[in-house]
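The primary structure of each chain is shown beneath.
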Amino acid sequence: MLDFARSTTNRVGLRLLQDFGQVQAAEKADGSLVTQSDRWADETLRTAIAAQFPTHGVLSEEVEHIFPDTDWCWVIDPLDGTTNFARGLPLWGISLGLLYRGTPVFGYVHIPPLGQSFYGYWAGNSGLEMPTGAFLNDRPITVSRDQPDTNHFFNLCARSTAVMRPGFPVKIRMLGVATYNLLTVAKGTALGGVEATPKIWDIAGVWAITQAAGAIWHPLELHPIFPLQPGQDYGDRAYPTLVVSQPKLVAVFEPLVRAIGKS
């Protein structure tokens, strides 16, 4: 899994770096942007998975939205942060999540402009025997154990800025990349992050990595995210999510962002 994810995302990333800031973007029905680079990367990743793992299913942002009836399925975001990519901001990535019976157990996110590759293993209740831990460029990472103050960070997304108000306990950042937003919690840079409308391909890879690093994944709606169900269309469903570095920080940040899950 790791060798495949590393070699494939590196190959795709090199091509995307050539296109970076040079492509025209079109607006999709949900208001997000898409480029020919997104579509090329999506097809390339799906083709590579089919060749290496012919019995595995695939769910992808640009093409395959129906979850397949297979034990193993890759959920891919071929270019997370398309607006950054199209406008020339060097923060965007490629995300792969490997699901076993509908729940992520392995995630890999490659950030080509930064030369950073995150991965993690999260067996959960799967019963699988597998490695453990979360890593950045093959070095173990873990969440911060610091207490909130004005020298620490909390990440917002573009659709969660309404939570900003005087007295917010930490500094706010907005990165424009759902995966990296939450991965900064995994690597100890931020104490928390929120995504108001992430799709399944935004979170499948980081689900495993963040929890393997010790982060707390706190959905902001009542319905469980995983396991995904065969035959269901996941193209339009959003999963408002809070991720924090410590269990006790749920009580600090959840009241501040709670309304996002009801919007």
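Since this is a predicted model, take the numbers as computed values, not measurements.

A. Local environment of the packing of aromatic side chains. Within the structure shown, the criterion is met by 18 aromatic pairs. Considering the side-chain rings of Phe20 and Phe85, the 6.0 Å spacing of their centres and the 40° angle between planes classify their relative orientation as tilted. In this pair, Phe20 is assigned in the loop between helix H1 (2-19) and strand S1 (25-27) and Phe85 in helix H3 (residues 82-87), connecting sequence segments 65 residues apart. For Phe85, a relative accessible area of 0% gives the class buried. Cluster of aromatic residues (ring-pair linked, three or more members): Phe106, Tyr108, Tyr119, Tyr121 and Phe135. In this structure, Arg15 is placed above the aromatic ring of Trp40, and the distance from its NZ or CZ to the ring centre is 4.4 Å.

B. Seen up close, the nonpolar core. Residues Leu59, Phe118, Ile200, Trp217, Ile225 and Leu228 are the most contacted members of the largest nonpolar core, which totals 37 residues. Of all elements in the fold, only strand S4 (72-80), strand S6 (103-111), strand S8 (133-136), helix H4 (178-186) and helix H5 (200-212) reach the threshold of two or more residues within this core. Looking at which element gives the most residues to this core, the answer is H5, with eight residues. Apart from residues lying up to four places away in sequence, Leu228 is in contact with Phe67, Leu99, Gly102, Ile200, Tyr234 and Tyr239. Of all hydrophobic cores here, the second largest spans 25 residues; its members include Leu16, Trp74, Tyr108 and Tyr121.

Reading guide: rules and limits
Residues numbered from 1 in each chain as written. Predicted model: local features only at pLDDT ≥ 70, side-chain atom pairs only at ≥ 80, totals over all residues. Heavy atoms only, no water. Phe/Tyr/Trp six-rings, centres within 6.5 Å; stacked < 30°, edge-to-face > 60°. Helix = DSSP H or I, 4+ residues; strand = E, 2+ residues; numbered from the N terminus. Buried < 20%, exposed > 50% of the residue type's maximum accessible area, 1.4 Å probe, protein only. Lys NZ or Arg CZ within 6 Å of the ring centre and 35° of its normal. Core = buried A, V, L, I, M, F, W, Y, C linked by side-chain atoms within 4.5 Å. Contact = heavy atoms within 4.5 Å.

So yeah, pure geometry; function would need other evidence.
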